[in-house]
Amino acid sequence: MPVITAIAKKHNLLVLEDSAQAHGAQTNNKKAGNWGDASGFSFYPGKNLGALGDAGAITTNDPDLVEVLKALRNYGSHEKYKNIMLGVNSRLDEIQAAMLGVKLKHLDKEAQARKKIADAYMRSIRNSHISLPLPYETDVLTFTEHAWHLFVVRSAHRDKLQQHLAENGVQTLIHYPIPPHQQEAYKNYDFSSRSFPVTELIHNEILSLPISPVMTHEQAMKVIEVCNSFSVSG
Ligand SMILES: *Cc1c(COP(=O)(O)O)cnc(C)c1O
């Protein structure tokens, strides 16, 4: 984010953050959702802060944008029966808001539980066919806290690795198997026929290992053991 915001500033661009799975994450002492001109959070039930149904929020430090967004989520209306722009119905349901208010109090504690699992993986997964996520700190990032919504490793033998894990009782998922430019929805766009070799490579190599605040230490140890026993010949 420090690099992206510097580029944006130089070229007078807006930055819209996708913080959908970054609740509580921070770098250089600034949290996700506070870096860009506006940021979207998802409260989809499976997210680190999840409602009981669909929900989400936008954060921004721009008071004018707040007024526009408040109208947009409510049929383009600030004032009952008056519509000043074309909007949608995207209000946060009261029941979901109440639920999120309760769950928000547990977010930091649950983040710590996720971090424990991630730390164990970082410390103990050792296999030349598995690349772990980047370390926490680099020359640009001084203080970084990952939200660990997912723990994504990379492997040139991803499908074999996934099969090996499944055969040994470890379920994994791929987030996400199809890159955006190859989605059917974009087939009529100019970029859909282009080649994006880095994106395509990532989509062929990524695998999300199990991680959640309710996972036990023993379960994490089992994942580590099965990862470490993976070999390409066998
Ligand atoms: C979940 C997610 C979304 C979509 O969030 P919704 O609440 O389903 O709209 C978008 N981007 C990322 C990175 C996500 O993880």
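Residues numbered from 1 in each chain as written. Predicted model: local features only at pLDDT ≥ 70, side-chain atom pairs only at ≥ 80, totals over all residues. Heavy atoms only, no water.

A. Representation of the domain arrangement of the protein within the structure. Domains assigned within the protein are domain 1 (1-42 + 56-91) and domain 2 (107-229). One C-alpha centre belongs to domain 1, the other to domain 2, and the line joining them spans 27 Å. Each partner contributes residues to the interface: domain 1 has 10 residues there, and domain 2 has 12 residues. Each partner contributes to the roughly 920 Å² buried at the junction of domain 1 and domain 2, and carbon and sulfur atoms together form 54% of this total. (Domains from an automatic or database assignment. Contact = heavy atoms within 4.5 Å. Buried area = accessible area lost by both parts, 1.4 Å probe.)

B. Inspection of unusual backbone geometry at higher detail. Omega for the bond connecting histidine 175 with tyrosine 176 falls within 30 degrees of zero, at 5°, which places this linkage in the cis form. Note on placement: tyrosine 176 falls in the loop between helix 5 (158-167) and helix 6 (197-205). Not every positive phi belongs to a glycine, and asparagine 28 is a case in point at roughly 50°. As for its position among the elements, asparagine 28 is in the loop between strand 2 (26-27) and strand 3 (30-31). Residue asparagine 28 is classed as partly exposed on the basis of its relative accessible area of 25%. We note that tryptophan 148 has phi near 45°; this positive angle belongs to a residue other than glycine. Classification of tryptophan 148 as buried rests on a relative accessible area of 2%. (Helix = DSSP H or I, 4+ residues; strand = E, 2+ residues; numbered from the N terminus. Buried < 20%, exposed > 50% of the residue type's maximum accessible area, 1.4 Å probe, protein only.)

C. Layout of a negative patch on the surface. Taken together, the side chains of Asp37, Asp62, Asp64 and Glu67 present a region of like negative charge at the surface. Note on placement: glutamate 67 falls in helix 2 (residues 63-72). (Patch = residues over 30% accessible without salt bridge, like charges linked within 9 Å, V, L, I, M, F, W, Y side chains within 5 Å. Areas by Shrake-Rupley, 256 points an atom, 1.4 Å probe, with all protein chains shown as cover. Salt bridge = Lys/Arg side-chain N within 4 Å of Asp/Glu carboxyl O. Lys, Arg positive; Asp, Glu negative; His and termini not counted. Charge placed at Lys NZ, Arg CZ, Asp CG, Glu CD.)

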